[in-house]
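# Analysis of the macromolecular model
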Amino acid sequence: MRLVTLLLLLCPTLFTSLPARAVVVVAADIPPYVIRSQQGAPSGMAIEVLEEAARRLGETLEIELMPLARALSQTRHRPDVLLLPPARNPQRESQFLWIAPLLEEAFVLVSHRNHHPAPLTVADLPGLTVGAMRGSHGQSLIPLLEGVTQELVSEEINNASKLARGRIQGWAVAWNTARYNQQRAGLPLPDLVRGQTLQRSTLYLAASPRFSPSEAMRWRRVIQEMRQDGSLARILFQYDYQAP
């Protein structure tokens, strides 16, 4: 009896000494929103926003970095993870819980000044090859026109290189992503010619539809606070973010 009583008295102490469970974040490797680091944890606009939100909530993050297509698939099958930074579109609307908007983005057609110096439009696309990242919102926006060839890659930096070499004539991509990956590839930023805007979209913090509603509300509220106090805008500014 004394042993049982002693164990009951010790149980609260044992439980409170256990470390808090980290919040798992499935992060799609899409610079500059999520940037893979050669050493250490990933960075990027969306990562820094979420890290500040976690600090305010007293949460610890465990970030799982992976390609976009896999990140989308993983989140659909895991009810207890957050997802960064999908664009909200009709195809994805029912697949995720859209917790909080992070930033606005313009998905555009991009060409190279040496190969197509005039701003590229949808009307110019027949007969051309257009690059996009596999599973990306940019891919979903490439018009299904006769004579337009899609060429897909796993990382946007490959599209920057292919555009410079003339292997693709157009690039369907978020404008900030194009600018970042052009510089990441060591290519001159002025070589990019911004063409027609295919769509303005919002990038989100999302999760599975089975994610806890009360937890989703906590994250939604703190990110809204960051938007109101200006800290969200300050983080984006550090990455030379250009609003649509």
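See the structure printed just above.
Throughout what follows, the structure given in this document is the object of discussion. (Residues numbered from 1 in each chain as written. Predicted model: local features only at pLDDT ≥ 70, side-chain atom pairs only at ≥ 80, totals over all residues. Heavy atoms only, no water.)

## A short note on the packing of aromatic side chains
Rules: Only rings of Phe, Tyr and Trp enter the pairing, Trp through its six-membered ring, and a pair is recorded when the two centres are within 6.5 Å. The plane angle decides the type: under 30 degrees is stacked, over 60 is edge-to-face, the rest tilted. Working definition: helices are DSSP H or I runs of at least four residues, strands are E runs of at least two. Numbering for both runs from the N terminus. To sort residues, take the accessible area from a 1.4 Å probe on protein chains only and compare it with the maximum for the residue type: under 20% means buried, over 50% means exposed, and anything in between is partly exposed.
Applying the stated criterion to the full structure yields 2 aromatic pairs. For the pair tryptophan 98 and tyrosine 204, a centre-to-centre distance of 5.4 Å together with 80° between the ring planes defines the contact as edge-to-face. Here the residue tryptophan 98 occupies a position in strand β4 (residues 97–112), and tyrosine 204 occupies one in strand β8 (residues 192–207), the gap between them amounting to 106 residues. The class of tyrosine 204 is buried, set by a relative accessible area of 11%. In this structure an aromatic cluster arises from ring pairing among Phe96, Trp98 and Tyr204.

## Here's the deal with the pattern of salt bridges
Note the threshold: Counted as salt bridges are all cases of a side-chain nitrogen of Lys or Arg within 4 Å of a carboxyl oxygen of Asp or Glu.
Within the structure shown, the criterion is met by 14 salt bridges. Residue glutamate 93 is joined to arginine 88 by a salt bridge in which the shortest nitrogen-to-oxygen separation is 2.7 Å. Residue class for glutamate 93 comes out partly exposed when judged on its relative accessible area of 35%. Residue classification places arginine 88 among the partly exposed positions, given a relative accessible area of 31%. We note a salt bridge from arginine 167 to glutamate 151, for which the minimum N-O separation is 3.9 Å. Taken as a pair, arginine 167 in the loop between α5 (156–165) and β7 (170–174) and glutamate 151 in strand β6 (residues 149–153) lie far apart in primary sequence, 16 residues in all.

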